[in-house]
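# Summary of the model geometry
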Amino acid sequence: MTPPTTLPEGETKRVMIESMFDSIAPTYDRLNRVISLGLDRGWRRKTIAALELDPAAHVIDLACGTGDLCEDLARAGFRAFGFDISAGMLAARHTIAPLVRADVLVLPLADGSVAGVTCGFALRNFTDLSVFFAECARVLRPDGRFAMLDAAEPEQPLMRMGHHVWFRRVVPWLGGRLSGAPAAYRYLPASTAYLPPPAELIQLATRAGFRRVERRTFMGGAVQLITGTRS
Ligand SMILES: C[S@@+](CC[C@H](N)C(=O)[O-])C[C@H]1O[C@@H](n2cnc3c(N)ncnc32)[C@H](O)[C@@H]1O
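No experiment lies behind these values; they were computed from the predicted model shown. (Residues numbered from 1 in each chain as written. Predicted model: local features only at pLDDT ≥ 70, side-chain atom pairs only at ≥ 80, totals over all residues.)

## Focus: the overall build of the protein chain
Applied cut-off: Only DSSP runs of H or I reaching four residues or more are called helices, and only runs of E reaching two or more are called strands; each is numbered from the N terminus. Radius of gyration: C-alpha atoms only; globule rule: 2.2 Å multiplied by the number of residues to the exponent 0.38. Exposed residues have 12 or fewer other C-beta atoms within 10 Å of their own C-beta, buried residues have 20 or more, and partly exposed residues fall in between, where C-beta atoms are placed from the backbone. This entry defines residue contacts through backbone-placed C-beta atoms, with two residues in contact when those atoms are within 7 Å.
Helix and strand counts for the protein chain come out as eight helices and seven strands. Against the compact-globule benchmark of 17 Å for 231 residues, the protein chain has a radius of gyration of 17 Å, which places it among compact chains. Structurally, the protein chain occupies a C-alpha span of about 45 × 40 × 35 Å along its principal axes. Every one of the 231 residues in the protein chain was classed for burial, and the buried ones make up 39%. Taking as baseline every contact in the protein chain between residues at least 6 positions apart, the subset at least 24 positions apart corresponds to 63%.

## Structural notes on the site of the ligand
Selection criterion: The rule is simple: place the C-beta atom from the backbone, and if it lies within 6 Å of a molecule or strand, the residue is near it. Classification convention: Asp, Glu, Lys, Arg as charged; Ala, Val, Leu, Ile, Met, Phe, Trp, Tyr, Cys, Pro as nonpolar; all other residues, Gly among them, as polar.
Taken together, 21 residues surround the ligand, and among them Ala 63, Gly 65, Ile 85, Ser 86 and Gly 120 come closest. Of all the secondary-structure elements, those providing two or more residues to the shell around the ligand are helix H1 (10-35), helix H3 (68-75) and strand S2 (79-84). Ranked by residue count, the leading element in the shell around the ligand is H1, at three residues. Residue composition of the shell around the ligand, grouped by class: 13 nonpolar, five polar and three charged.

## Describing the environment of Thr 66
Mapped onto the fold, Thr 66 is located in the loop between strand S1 (58-62) and H3. With 24 C-beta atoms counted inside 10 Å, the residue Thr 66 sits in the buried group. Thr 66 sits 38 residues away from Tyr 28 along the chain, and the two C-alpha atoms are 8.3 Å apart. Beyond its immediate chain neighbours, meaning those up to four positions away, Thr 66 contacts Tyr 28, Asp 29, Met 89, Ala 92, Arg 93 and His 94.

## Details of the pairing of S2
Stated formally: Two strands pair if DSSP finds at least two bridges between them. Looking down the strands as they point away from the viewer, one classifies a crossover as right-handed if the path from the first strand across the helix to the second runs clockwise.
Across the six residues that make up S2, a large majority, five, are buried. Pairing geometry for S1 and S2, over five bridges, is parallel. Across the sheet, the residue bridging to Leu 62 is Phe 83, located in S2. For the handedness criterion, the β-α-β arrangement of S1, H3 and S2 is classed as right-handed. Looking at chain direction, S2 and strand S3 (residues 99-101) are connected through three bridges and run parallel. Residue Asp 84 lies in a different strand from S3, and its bridge partner there is Arg 101.

## A few points about unusual backbone geometry
In terms of backbone geometry, most residues other than glycine have negative phi values and most peptide bonds are trans. The backbone of Ala 63 sits at a positive phi, close to 60°, despite the residue not being glycine. Relative to the elements of secondary structure, Ala 63 occurs in the loop between S1 and H3. Phi at Asp 143 takes a positive value of approximately 70°, unusual for a residue other than glycine. Among the secondary structure elements, Asp 143 is positioned in strand S5 (residues 140-151). For Asp 143, a count of 11 C-beta atoms within 10 Å puts it in the exposed group.

This is the structure in structure tokens:
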């Protein structure tokens, strides 16, 4: 399905997201390395470290895609499982960690059953962030931790300008050429409009039952990491 020019909501958005990721799955990993200038590995390492959990803990990666974070979690010794809605992304997997096809807004897991939750570059794809944080709070045990990466807008004007050119001009052009799905890579920068401002994002997590909710940024503010502890 071709992503529309206006941003969809609700069930229309869910169906569009699933179909869009199915279509870009075969080239997703290669393009990810290009778009992040190869820095994504370091961000994932920091995400895993920010969990502050003992190795061997059960950690789930939500909207795991092809399994980058799951693979890093498994290599670090965690018992990692991934969940994603796109059969195409799961078919392009490159991890030994078990991956399950599921909507992360309705996880097939018992209450308090995991110690950690990670999520990479997917918050803006969900149809309801309060439901998402509530579901994370439900499946995490007390004192469990979450660490979530996503795109962000740099605050410093020069960085903001450079980021604008890269993310809103070069990435859609490059993504379109390398994936053969230009609409998907036009949608990618446009979809950041779904992300609430930092204070609101922190408030959403706090309201869902998390404490110590903190935000830090990388790459001059172009990437954010949100962490929190289950109360
Ligand atoms: C940008 S990709 C990120 C993949 C991976 N986390 C990474 O960092 O490379 C976004 C992923 O979110 C998944 N997704 C979006 N909405 C979802 C939902 N409600 N439940 C499960 N997965 C979802 C998509 O299928 C896609 O694989």
